[in-house]
Amino acid sequence: MRVSVIGCGYLGAVHAGVMADLGHDVVGLDVDVARIERLRRGEVPFYEPGLAELLKSALASGRLRFSTDPDDVAESDVHFIAVGTPQTEGGTAADLSHLEQAIEGLIPRLRPGALVVGKSTVPVGTARRMKDRIIAAGVHADLIWNPEFLREGHAIADTRSPDRIVYGLDHDAAVSRTAVTMLDDVYASALSSGVPRFLTDYATSELVKTAANAFLATKISFINAMSEIADVTGADITALADALGCDERIGRRFLNAGVGFGGGCLPKDVRALTARAEELGAGESVAFLKEVDKINLRQRQRVTQLATDMLGGSVYQKRIAVLGVTFKPHSDDVRDSPALDVAVQLKGLGAEVVAADPKGVENARARHPQLSYTDDAEVALASADLVILVTEWDEYRSLDPEATKALVRSPKIIDARNALPRDDWRSAGWTYQGMGRR
Ligand code: UDX
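Student: What is the right way to look at a negative patch on the surface in this model?
Tutor: The grouping of Asp375, Asp376, Glu378, Asp394 and Glu395 at the surface amounts to a negative patch. Mapping Glu378 onto the fold places it in helix α15 (residues 377-381).

Written as structure tokens, this is what we have:
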């Protein structure tokens, strides 16, 4: 199939690479000239395991090219819209300006019979609006909303073989078998390997994505609320989560208590769903999501409070090694990162913070140049009065308590992800504090 991918950020760059790898003829379009130049050289502007290799081989095969010229998508049969829908400046709703620009730029270039496929995460009602724009322009083209569920760090596998494929169709028009068949052809490899495909309406397809992220966020905030209860009762949150997770109806995944969720999706999707529900007069239905957000943000405060307590009431002029700045391991993404937030708060309280991260230093420095950074954990640990593990990179999980003790000034550690073997650290002489595991 001749395919275009409009928007070559995280979602689009991965999608373009995987589509070309599956044998489609792909053009990736973006307005960011510098990004397109890098992608043309097979360089990935962010860290995603395996993506550089995938892009290089797809570029070499001739099936993938990148462009900033909107006319270059005119020959494509299927157009994937993969632009960002970030939180609005100063608000909680989603900013749809990139999406609107992408659709307006695409409409005059659509061939008769072309298919537009929306992958971006959008507030419910957006697909209908976009389809109406296409109809109003008098173009004979269809629109399917097909949300993406990829996780950073697993983006290639999640794109190649997702848990499910959802097609949101225009139920106001005669169901377009041609459009469904075209998209089935694009996804032939995943569909033939048994990935379930759901045919539904626009609203459901849009909601599947935001509901999934809201559910995951709720699960994390639930276990973090329980971890606050564990702290005041002396219970152990990890043992509690293990026992809860044995119930198949609950499941153990996404029940890790700690400093909470961050990144470019969960926080903004929770807020955008709340904002959209309020607009629709159904704010009460998801009012609990505000509490989910509050519980999440409170965990960052909880870590800084714990640091203050462990340092005798003040962090002022204390040297603190913060291990991790990204919102999770296997990513260089620092958007809404709990780890970076903790480092910034401690710095604001007068601590001498040295933040370490294997991949995220460059992005973190661009946002918060006031902090000291290193990619070498030993540099951060040297003479530290307190160590805080905030992103559970493997190299931090596997730190040796004895060797680490020799580097620091005072053997005190906060395990803000409950990722370390607590008993080993305690028996090596460390004052160890987890989250909900007093
Ligand atoms: C998420 C969704 O998982 C994905 O399906 C969607 O398409 C985009 O948003 P991602 O943002 O890559 O993906 O991160 P995810 O792996 O879901 O983790 C989100 C955050 O939750 C991270 O900060 C992580 O550290 C935190 N988390 C996760 C916990 O605090 N506890 C857990 O048990 C699991």
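Student: Is there a simple way to explain the site of the ligand in this structure?
Tutor: Inspection of the region around the ligand gives 20 residues, with Phe149, Leu150, Glu152, Asn256 and Phe327 positioned closest. Relative to its free-state accessible area of 670 Å², the ligand is covered by the protein chains to the extent of 91%. At 4 residues, helix α9 (residues 202-233) tops the list of elements feeding residues into the shell around the ligand. In the shell around the ligand, the residues fall into 10 nonpolar, 4 polar and 6 charged. Both domain 1 (2-195) and domain 2 (214-434) contribute no fewer than three residues apiece to the shell around the ligand.

Student: Is there a simple way to explain the environment of Trp430 in this structure?
Tutor: Locating Trp430 in the fold gives a position in the loop between α18 (422-427) and β14 (431-433). For the pair formed by Trp430 and Ala20, sequence separation is 410 residues and the distance between their alpha carbons is 51 Å.

Student: What should I look at first to understand the sheet that holds strand β11 (residues 372-374) in this one?
Tutor: Hydrogen bonds between backbone atoms are what pair the strands of a sheet, whose relative direction is either parallel or antiparallel. If you walk across this open sheet you meet the 6 strands as β11-β10-β9-β12-β13-β14, and the pairing is parallel. Each end of this open sheet is capped by a strand with a single partner; those strands are β11 and β14. Neighbouring strand axes in the sheet, compared pairwise and without regard to direction, differ in orientation by 20 degrees on average. Pairing of strand β13 (residues 412-415) with β14, which is carried by 3 bridges, proceeds in the parallel orientation. Bridging across to β14, Ile414 finds its partner in Gln433. Contacting β12 (386-389), β13 and β14, helix α12 (residues 288-310) runs over the sheet at an angle of about 165 degrees to β13.

Student: Would you take a moment to explain the packing of aromatic side chains for this structure?
Tutor: Two measures describe an aromatic ring pair: the distance that separates the ring centres and the angle between the ring planes. Counted under the stated rule, the structure contains 3 aromatic pairs. Ring centres 6.2 Å apart and planes at 50 degrees place the aromatic pair Phe80 and Tyr187 in the tilted group. Linking Phe80 in strand β4 (residues 78-81) with Tyr187 in the loop between α7 (177-186) and α8 (188-192), this pair joins segments that are 107 residues apart in sequence. Residue classification places Phe80 among the buried positions, given a relative accessible area of 0%. Judged by relative accessible area, Tyr187 falls into the buried class, the value being 7%. Ring centres of Trp425 and Trp430 lie 5.0 Å apart, and the angle between their planes is 65 degrees; on these two criteria the pair is classed as edge-to-face. As far as burial versus exposure is concerned, Trp425 and Trp430 are alike and both buried. The lysine or arginine in question, Arg164, covers the ring of Phe149, its NZ or CZ lying 3.6 Å from the ring centre.

Student: How should the side chain of Glu48 be read in this particular structure?
Tutor: Looking at the secondary structure, you find Glu48 in the loop between α2 (33-40) and α3 (51-61). Among buried charged residues, Glu48 stands out as having no salt bridge; its nearest opposite-charge side chain is Lys328, 7.4 Å away. Of the polar contacts made by the side chain of Glu48, one reaches the side chain of Tyr10; its length is 2.3 Å. Here the side chain of Glu48 touches Ala155 through a polar contact of 2.9 Å, landing on its backbone nitrogen. Once residues lying within four places of it in the same chain are set aside, the contact partners of Glu48 are Tyr10, Glu152, Gly153, His154, Ala155 and Ile156.

Student: Just to check I follow, could you spell out unusual backbone geometry for this structure?
Tutor: Peptide bonds are trans in most cases, and residues, glycine excluded, mostly fall at negative phi. Despite not being glycine, Asp336 has its phi angle at roughly 45 degrees, a positive value. Considering the arrangement of structural elements, one finds Asp336 in the loop between β9 (319-323) and α13 (338-348). Accessibility expressed as a relative area gives 26% for Asp336, which makes it partly exposed. Despite not being glycine, Asn418 shows a phi value in the positive range, around 50 degrees. Along the chain, Asn418 turns up in the loop between β13 and α18.

Student: What's the story with the packing of helix α1 (residues 10-21) against α3 in this structure? I'm lost.
Tutor: Helices that pack against each other are described as a pair by the angle of their axes relative to one another and the distance between those axes. Taken N-terminus to C-terminus, the directions of α1 and α3 make an angle of 50 degrees; their axes are 9 Å apart at the nearest point. As the angle between them shows, α1 and α3 are arranged oblique. Crossing of α1 over α3 shows left-handed handedness. Contacts between α1 and α3 involve Ala13, Val14, Gly17, Val18, Ala20 and Asp21 from the first element and Leu51, Leu54, Leu55 and Ala58 from the second. Here the contact of α1 with α3 is composed, by residue class, of 8 nonpolar, 1 polar and 1 charged.

Student: Honestly, the pattern of salt bridges in this entry has me stumped. Any pointers?
Tutor: When their charged atoms lie close together, side chains carrying opposite charge are able to pair. Following the criterion strictly, the structure yields 38 salt bridges and no others. Between Arg111 and Asp77 there is a salt bridge whose closest N-O contact spans 2.7 Å. Taken together, the residues Arg111 in the loop between α4 (97-106) and β5 (114-118) and Asp77 in the loop between β3 (64-67) and β4 connect sequence positions 34 residues apart. You can call Asp77 buried: its relative accessible area is 14%. Of the charged contacts, one joins Arg335 and Asp333 as a salt bridge, the two residues approaching to 2.7 Å between their closest N and O atoms.

Student: Please clarify how the packing of α4 against helix α5 (residues 126-136) should be interpreted in this entry.
Tutor: Packing of α4 against α5 brings their axes to within 10 Å, and their N-to-C directions diverge by 25 degrees. One element, α4, and the other, α5, form an angle in the roughly parallel class. Seen from above, α4 lies across α5 with right-handed handedness. Packed against α4, whose contacting residues are Leu99, Glu100, Ile103 and Glu104, the element α5 presents Thr126, Arg129, Met130 and Arg133 at the interface.

Student: What am I meant to see in the pairing of strand β2 (residues 25-29) here?
Tutor: Each regular strand displays side chains that alternate between the two surfaces of the sheet. A large share of β2 lies buried, amounting to 4 of its 5 residues. The handedness of the strand β1 (residues 2-6) to β2 crossover, carried by α1, is right-handed. One ladder, built from 4 bridges, connects β2 with β3; its direction is parallel. Looking at β3, one finds that Val26 is bridged to Leu64.

What counts, and at which threshold
Residues numbered from 1 in each chain as written. Predicted model: local features only at pLDDT ≥ 70, side-chain atom pairs only at ≥ 80, totals over all residues. Heavy atoms only, no water. Patch = residues over 30% accessible without salt bridge, like charges linked within 9 Å, V, L, I, M, F, W, Y side chains within 5 Å. Areas by Shrake-Rupley, 256 points an atom, 1.4 Å probe, with all protein chains shown as cover. Salt bridge = Lys/Arg side-chain N within 4 Å of Asp/Glu carboxyl O. Lys, Arg positive; Asp, Glu negative; His and termini not counted. Charge placed at Lys NZ, Arg CZ, Asp CG, Glu CD. Helix = DSSP H or I, 4+ residues; strand = E, 2+ residues; numbered from the N terminus. Near = heavy atom within 4 Å. Nonpolar A, V, L, I, M, F, W, Y, C, P; charged D, E, K, R; others polar. Domains from an automatic or database assignment. Pairing = 2+ DSSP bridges. Axes fitted to C-alpha atoms, helices over the stretch in contact; angles between N-to-C directions. Contact = heavy atoms within 4.5 Å. Phe/Tyr/Trp six-rings, centres within 6.5 Å; stacked < 30°, edge-to-face > 60°. Buried < 20%, exposed > 50% of the residue type's maximum accessible area, 1.4 Å probe, protein only. Lys NZ or Arg CZ within 6 Å of the ring centre and 35° of its normal. Polar contact = N/O pair within 3.5 Å; in protein donor to acceptor, adjacent residues only side chain to side chain. Parallel < 35°, antiparallel > 145°, perpendicular 65-115°, else oblique. Left-handed = near helix turned anticlockwise from the far one by under 90°. Right-handed = clockwise from strand over helix to strand, strands pointing away.

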